[in-house]
Amino acid sequence: MRMTCGALPGLLALLAATSLHAQEMEPRNYSPAPVGLRIAGLGYSESRGDINFDPSLAVEDAEATIGATLGFFASTFALLDRPWRVSALLPYFDGELTGSLAGEDRRIARYGPGDARVTLAVTLGGLEPLSPAEFARREQRTTWGASLTVAAPTGEYDPDLLINIGANRWSVKPEIGIFHPMGKWTLEASLGTWFFGDNTDFAGGATRSQNPLTSLQAHASYTFRPGLWLAATGTWYGGGRTSVDGVRKQDFQSSSRVGLTLSVPLTRQQSLKLTGSSGVATRVGNDFDSWLIVWQYRWFRPTS
């Protein structure tokens, strides 16, 4: 299958963008935790729906179905008298895209590892480093913090293809967040921006650049009992216009989504998390319905 670079600007990054953005509806991401906590888990997600391109392009009825298998690990620790968390995410994608280009039907399938992500987060106020026993006795109060996520170019990438899973570039996202408990209710909000490096090995030997992409999340959750909670989420992201060899594309993104997340404890150390989300409004970008199921296991580092 042959596609021209000018006809489908931004399609190359579809799977990579899904890796970076579509699953960014994570409630309780800034909730406090004791030091010495370890969490490992596996998950699977599926997203399907329409892809909205610049109206001037000869692309019609573009749809995608993208599955992702996710493995992750997180750990909390104390440093400089502050609580910290480091986490890593490794995705594997299996996606199919269909659509009509200038009246001709096209189908593309891709599968392989996606770009790995590592996040370092710190609680800046409202909580000092606490052991599990101290954490259980603490008084609940508002906490706030910051994080930095780095996406590495580890995903499957072939410069001879216009559509790839990996983005072939480094990306970083600084973010700030706040977590406010109110009895069984909690409110949370975060604001962050992705900054992208250049892909200097774009199809045809070109250089592809992308402007920053800002995201805003808000969550409200209710705890029925320890480990069993339900959260409602709203998110918006905008920006991310691309250029190829300095020529700007009309692909400024603007999208909003809503979703629900249910966390169910299985044992004292295991839990299952179910998430469903749907697009509300999309100018340019993907308009997906998505679901995610995650199994996680947690334990504490032995103390000497």
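K.L.:
What am I meant to see in a nonpolar patch on the surface here?
P.N.:
On the surface, Y44, L274, W291 and I293 cluster together to form a nonpolar patch covering roughly 330 Å² of accessible area. In this fold, W291 is placed in strand β17 (residues 285-300). A relative accessible area of 40% places W291 in the partly exposed class.

K.L.:
Could you clarify how one ought to interpret the sheet that holds strand β10 (residues 206-210) in this entry?
P.N.:
In a beta sheet, neighbouring strands pair by backbone hydrogen bonds and run either parallel or antiparallel. Pairing is antiparallel in the open sheet, where four strands are placed in the order β9-β10-β13-β14. The open sheet is flanked by β9 (199-202) and β14 (247-248), the only strands paired with a single partner. In terms of strand pairing, β10 meets strand β13 (residues 242-244) through three bridges, oriented antiparallel. Each residue of the ladder has a partner; that of R208, found in β13, is V244.

K.L.:
Just checking my understanding: could you explain the packing of aromatic side chains for this structure?
P.N.:
Two descriptors summarise a pair of aromatic rings, namely the distance from one centre to the other and the angle between the planes of the rings. Scanning all chains against the criterion turns up seven aromatic pairs. Geometrically, the ring pair formed by F77 and W84 is stacked, given 6.4 Å between the ring centres and 15° between the ring planes. The exposure class of F77 is partly exposed, given its relative accessible area of 24%. Here the aromatic residues F73, W295, Y297 and W299 are joined through ring pairs into a cluster of three or more.

K.L.:
Sorry, what's going on with the confidence of the model for the chain here?
P.N.:
Summing up the model confidence of the chain, the mean pLDDT is 86 and the portion of residues at 70 or higher is 85%. Low confidence marks residues 1-23, where pLDDT is under 50. Its contacts with residues over four positions away, or in another chain, come to 76 contacts.

K.L.:
I'm lost on the pattern of salt bridges in this one. Help?
P.N.:
Oppositely charged side chains can form a pair if their charged atoms are brought close together. Overall, the coordinates contain five salt bridges when judged by the stated rule. With a closest N to O distance of 2.7 Å, K273 and E26 form a salt bridge. One end of the pair, K273, is in strand β16 (residues 270-282); the other, E26, is in the loop between α1 (14-22) and β1 (37-52), with 247 residues separating them in the sequence.

K.L.:
What's the story with a negative patch on the surface in this structure? I'm lost.
P.N.:
Negative charge collects at one region of the surface, where D50, D61, E63 and D105 lie side by side. Topologically, E63 is positioned in strand β2 (residues 59-79).

K.L.:
Just checking my understanding: could you explain unusual backbone geometry for this structure?
P.N.:
It is generally the case that most residues other than glycine have a negative phi and that most peptide bonds are trans. Notably, R28 is not glycine yet its phi reads approximately 60°, a positive angle. Along the chain, R28 turns up in the loop between α1 and β1. A positive phi angle is found at L80, which is not glycine, with a value near 55°. A relative accessible area of 72% means that L80 is categorised as exposed.

K.L.:
Would you mind going over the environment of P132 with me for this structure?
P.N.:
With respect to the element layout, P132 can be found in helix α2 (residues 132-137). Classification of P132 as partly exposed rests on a relative accessible area of 34%. Once the C-alpha coordinates of P132 and F300 are considered, the two residues, 168 residues apart in sequence, prove to be 8.3 Å apart. The residues contacting P132, other than those within four sequence positions of it, are P34, V35 and F300.

K.L.:
Whenever I open this one, the pairing of strand β6 (residues 143-151) confuses me. Can you help?
P.N.:
Along any regular strand the residues' side chains alternate between the sheet's two faces. The alternating pattern of β6 places T143, G145, S147, T149 and A151 on a buried face, while none of W144, A146, L148 and V150, on the opposite face, is buried. Inspection of the sheet shows strand β5 (residues 117-125) paired to β6 by eight bridges, in the antiparallel sense. By the bridge assignment for β6, V118 is matched with V150. Pairing geometry for β6 and strand β7 (residues 171-182), over nine bridges, is antiparallel. The residue bridging L148 from the neighbouring strand is P174, located in β7.

K.L.:
When you look at the environment of D158 in this model, what are you seeing that I'm missing?
P.N.:
Within the secondary structure, D158 is located in the loop between β6 and β7. Residues D158 and D201, spaced 43 residues apart in sequence, show a C-alpha to C-alpha distance of 9.1 Å. One polar contact links the side chain of D158 to the main-chain amide nitrogen of D160, over a distance of 2.9 Å.

Here is what the cut-offs are and how they apply
- Residues numbered from 1 in each chain as written.
- Predicted model: local features only at pLDDT ≥ 70, side-chain atom pairs only at ≥ 80, totals over all residues.
- Heavy atoms only, no water.
- Patch = residues over 30% accessible without salt bridge, like charges linked within 9 Å, V, L, I, M, F, W, Y side chains within 5 Å.
- Areas by Shrake-Rupley, 256 points an atom, 1.4 Å probe, with all protein chains shown as cover.
- Salt bridge = Lys/Arg side-chain N within 4 Å of Asp/Glu carboxyl O.
- Helix = DSSP H or I, 4+ residues; strand = E, 2+ residues; numbered from the N terminus.
- Buried < 20%, exposed > 50% of the residue type's maximum accessible area, 1.4 Å probe, protein only.
- Pairing = 2+ DSSP bridges.
- Phe/Tyr/Trp six-rings, centres within 6.5 Å; stacked < 30°, edge-to-face > 60°.
- pLDDT = per-residue confidence, 0-100.
- Contact = heavy atoms within 4.5 Å.
- Lys, Arg positive; Asp, Glu negative; His and termini not counted.
- Charge placed at Lys NZ, Arg CZ, Asp CG, Glu CD.
- Polar contact = N/O pair within 3.5 Å; in protein donor to acceptor, adjacent residues only side chain to side chain.

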